[in-house]
Amino acid sequence: MWCIAMLGGVLLSSLSSLHARTLTTDPTWKAQWISSSTTAERPNTWLNFRKKVELPTVPTSVIARIAADSKYWLWINGKMVVFEGQLKRGPNPLDTYYDEVELAPYLHRGENTIAVLLWYFGRPSFSHNDSGKAGLLFDCQTASFEILSDESWKCEANPAFGTSPGPDPNMRLAESNILYDARKETSSWIEPSFKEDIMPQAVVNGPAGGRPWNKLVVRPIPLWKVGALQDYTAQQRRGDTLVCTLPYNAQVTPYIKLKAEAGGHILIFSDNYLKYNGGDNYLRCEYITRDGLQEYENLGWTNGHRIYYVLPKGVEVVSVKFRESGYNAEFTSTFECSDPLFNRFHTKALRTLYLTMRDTYMDCPDRERSQWTGDATNESGEAFYVLSKSSDQLTRKWLLNLAEWQKSDSVIYAPVPASNWDKELPGQVMASLGYYGLWNYYWYTKDQETLEKIYPAVKRYIGLWKKGPKGTVLLRAGGWNWGDWGTDIDIVPLQNCWYYLMIKGMRNSAQVLGYTAEAKAFESEMAALKSAFNAHFWNGSAYRNPEYTKQTDDRVQALAVVAGLANPDKYPSIMNVLRSEEHASPYMEKYVFEAMVQMGYGAEGFARHNRRFANMVQNDYFSTLFEGWGIGNEGFGGGSVNHAWSGGGITIAYQYLCGIQPLKPAYELIGILPLPSGLEWAKASVETPVGRVFSAFENSNNVFVLNAELPKSQRGVLGVPQRGVREVKINGETVWRNGSPVRNRIARFSQNAYSTQHLCFEVKGGSYKVIAVQ
């Protein structure tokens, strides 16, 4: 009876020289890696570990360091402590993460029983670096006792777990299809009362720090947020199948309680396995019944909007439920505006983002579960606004993964971690290492230590790029010359834009890190490239590669604007392109929206965004946003129904429409500089590192009203759109009249260029009502 509820390789030639080291044991660890003495490693192996320990006392805090290849579930004295521990391997091509787990609440004086269920993936994938060996490491050291994994532990293969018959999951996934045969289960093996004498002894596979797991790196993100079992929102019987509706697309483990005779086969899968799989085989599970009342929860998570239970004759279903788990972060922001379609887009974007976060940022939670780095760039930008600060740790992990997986030839590639992929996508990599990736992370967190760690890797990568006789960057194909999904991709100027954004981020980073000479060198390179870019690619009406023959690429125009390559005199011509050309995928549409807002055409940008996203937003079946403009054959790359790169518009909503943005790193100076973009009203609140910030505006023909709240300990800049403004009052006092600031006791007119579209006023923390009259 298996139910949680009832219990409560990469080729060495590709490695960076950073990792080509002699491996030694770590003296701070005393435990040994252990595994089964009777079971050979094979994909989808499940092992039971047990250990009884006698404790003289229990301190207030007892931290265990636990590492596993590949996942584990931990019980102490029969109570669940960790639901799916361990991150997919690895922090770099050699090493392994470990968890730190607080055990004190579960221990007592006297005899204690530790039980661990381990799932060894044993498959190469796009998200996990397979070591080739199952293993558990458990190291708990206190002043009064030690609990260390060694040959005294018990270990055996769990006989109930196996692998379902084909078709197998596609080669991007580390997980296998789980078969659970309840006729073979070892009853109550996690309980203290279980007679463990017949279990074999574990075998020692070597010390901490030894091969194949090598150096141990502390888990950089929280353990999962795990919910209780809950009812589906609806159930419907269709012949032999029970179709259960989830409240939304979620990471879930399905559960069933039933009465049956032995030998019945139950298939469990989601609609994302059955139909919406993004173009390749997804995961399912199979349960074989035993006699009597029984219950089962499949521990390998799946996702979708429906869960299907295909039932044999004679099975009586008592109940079906699901458990949601996911990244340990909370939605902390709010947004609402006068446009109902965009409000629905916002709701779907939040769900889409959260569903693509777990061990790493993911492109999608079904077809791949892989950290494609262009996707992560958009996702991290969204997370800074809508999620609690724990999400920053996932962004930091993503950036460190990129740097730590850099090859010895300086190539940076993604997705990583991986064991069967090593190809560079130049555009995605540059997006991640530049202004919207690494620099954006620093700007929202002020994490200078991480910036300094990653800076050398980016500098080495920049050295791979070459310029041609025109002074522009030459095409770099990398391993996959992917510019975007869709058609009419003018790849050469597109890469030049991403390169410029990369060195712009590095210029800023060098300034922060005190590398004055390098900052000046990047500044000079930016100026030269901007001049060359405009001389070579601007044809008088648009940016185009002279050798490019297809339709003008809207992506290139947008990136040229947001990068700063296009000066304002070109904006009218660029807008003519963006009014007529719509080639960008949902991934790149974020940058188009941003460019149109930055140029002062926010209302048109908002209308274009709404128009392009309308079909997926209005689709009542799906709670998430798609990879392309449609799904399946109407989509891109297989047509995933959940791709968080499509949610970039919510970043624009908070940062530009409601205008909440850091004007100094980590909101040391807070900006509230709204751009209505055709909206009658909008309001947003964001939990920043310095406290909650609130912005709400109402926009009529002649009057603009802004209500703003800043933490009392902080300073900020309030802005009103300046076009045609005759008078501005803040909290009843006039601060601007007829083109000039007015002396007052509340705000100081800012001469700094915080925004070219606003009249800006510096204020102390507090609540403000700003009224601008035309």
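Refer to the structure presented above.
Computed from a predicted structure; not experimentally measured.

Draft legend 1. Expanded view of the side chain of Ser164. Note on placement: Ser164 falls in the loop between strand S11 (161-163) and strand S12 (178-181). Under the relative-accessibility criterion, Ser164 is labelled buried at 3%. Engagement of the side chain of Ser164 in a polar contact is seen with the backbone oxygen of Ile178, the distance being 3.2 Å. Not counting residues within four places of it along the chain, the set of residues in contact with Ser164 comprises Asn177, Ile178, Leu179, Arg284, Cys285 and Glu286.

Draft legend 2. A look at the nonpolar core. Ranked by size, the top nonpolar core spans 154 residues in total, and within it Trp498 and Val728 carry the most contacts. The element that contributes the greatest number of residues to this core is helix H9 (residues 491-513), accounting for 13 residues. In terms of nonpolar packing, the next biggest core, distinct from the first, is built from 40 residues, Ile178, Tyr180, Trp189 and Ile266 among them.

Draft legend 3. Representation of the pattern of salt bridges within the structure. Applying the stated criterion across every chain, the model contains 46 salt bridges. Among the salt bridges present, the one from Glu146 reaches Lys30, with a minimum N-O distance of 2.5 Å. Within this pair, whereas Glu146 is found in strand S9 (residues 146-148), its partner Lys30 is found in the loop between helix H1 (4-7) and strand S1 (32-35), the two being separated by 116 residues in sequence. According to the relative accessible area criterion, Glu146 is partly exposed, its value standing at 38%.

Draft legend 4. Geometry of the sheet that holds strand S5 (residues 79-85). Pairing within the open sheet is antiparallel, and its five strands lie in the order S5-S4-S7-S2-S10. Each end of this open sheet is capped by a strand with a single partner; those strands are S5 and strand S10 (154-157). Sheet twist, expressed as the average angle between the axes of neighbouring strands with direction ignored, equals 15°. Strand direction decides the pairing type here: strand S4 (residues 71-76) and S5, joined by four bridges, are antiparallel. Bridging from a neighbouring strand, Leu74 pairs with Val82 of S5.

Draft legend 5. Region of the structure containing the packing of helix H5 (residues 391-404) against helix H7 (residues 438-445). Their axes nearest at 11 Å, the elements H5 and H7 cross at an angle of 150°. In this view, H5 runs roughly antiparallel relative to H7, as classed from their interaxial angle. Considering the relative orientation of H5 and H7, their crossing is left-handed. Facing Asp392, Thr395, Arg396 and Leu399 of H5, the residues of H7 in contact are Leu438, Tyr441 and Thr445. Of the residues contributing to the contact of H5 with H7, the split by class is three nonpolar, two polar and two charged.

Draft legend 6. Molecular detail of unusual backbone geometry. With an omega of 10°, the peptide bond running from Arg89 to Gly90 counts as cis. With respect to the helices and strands, the residue Gly90 is situated in the loop between S5 and strand S6 (96-102). The backbone of Asn214 sits at a positive phi, close to 65°, despite the residue not being glycine. With respect to the element layout, Asn214 can be found in the loop between strand S13 (203-207) and strand S14 (216-218). Overall, the relative accessible area of 3% leaves Asn214 in the buried class. For Ala666, which is not a glycine, the phi torsion comes out positive at approximately 60°. Within the element layout of this structure, Ala666 appears in the loop between strand S24 (660-662) and strand S25 (669-672).

Rules used in this analysis
- Residues numbered from 1 in each chain as written.
- Predicted model: local features only at pLDDT ≥ 70, side-chain atom pairs only at ≥ 80, totals over all residues.
- Heavy atoms only, no water.
- Helix = DSSP H or I, 4+ residues; strand = E, 2+ residues; numbered from the N terminus.
- Buried < 20%, exposed > 50% of the residue type's maximum accessible area, 1.4 Å probe, protein only.
- Polar contact = N/O pair within 3.5 Å; in protein donor to acceptor, adjacent residues only side chain to side chain.
- Contact = heavy atoms within 4.5 Å.
- Core = buried A, V, L, I, M, F, W, Y, C linked by side-chain atoms within 4.5 Å.
- Salt bridge = Lys/Arg side-chain N within 4 Å of Asp/Glu carboxyl O.
- Pairing = 2+ DSSP bridges.
- Axes fitted to C-alpha atoms, helices over the stretch in contact; angles between N-to-C directions.
- Parallel < 35°, antiparallel > 145°, perpendicular 65-115°, else oblique.
- Left-handed = near helix turned anticlockwise from the far one by under 90°.
- Nonpolar A, V, L, I, M, F, W, Y, C, P; charged D, E, K, R; others polar.

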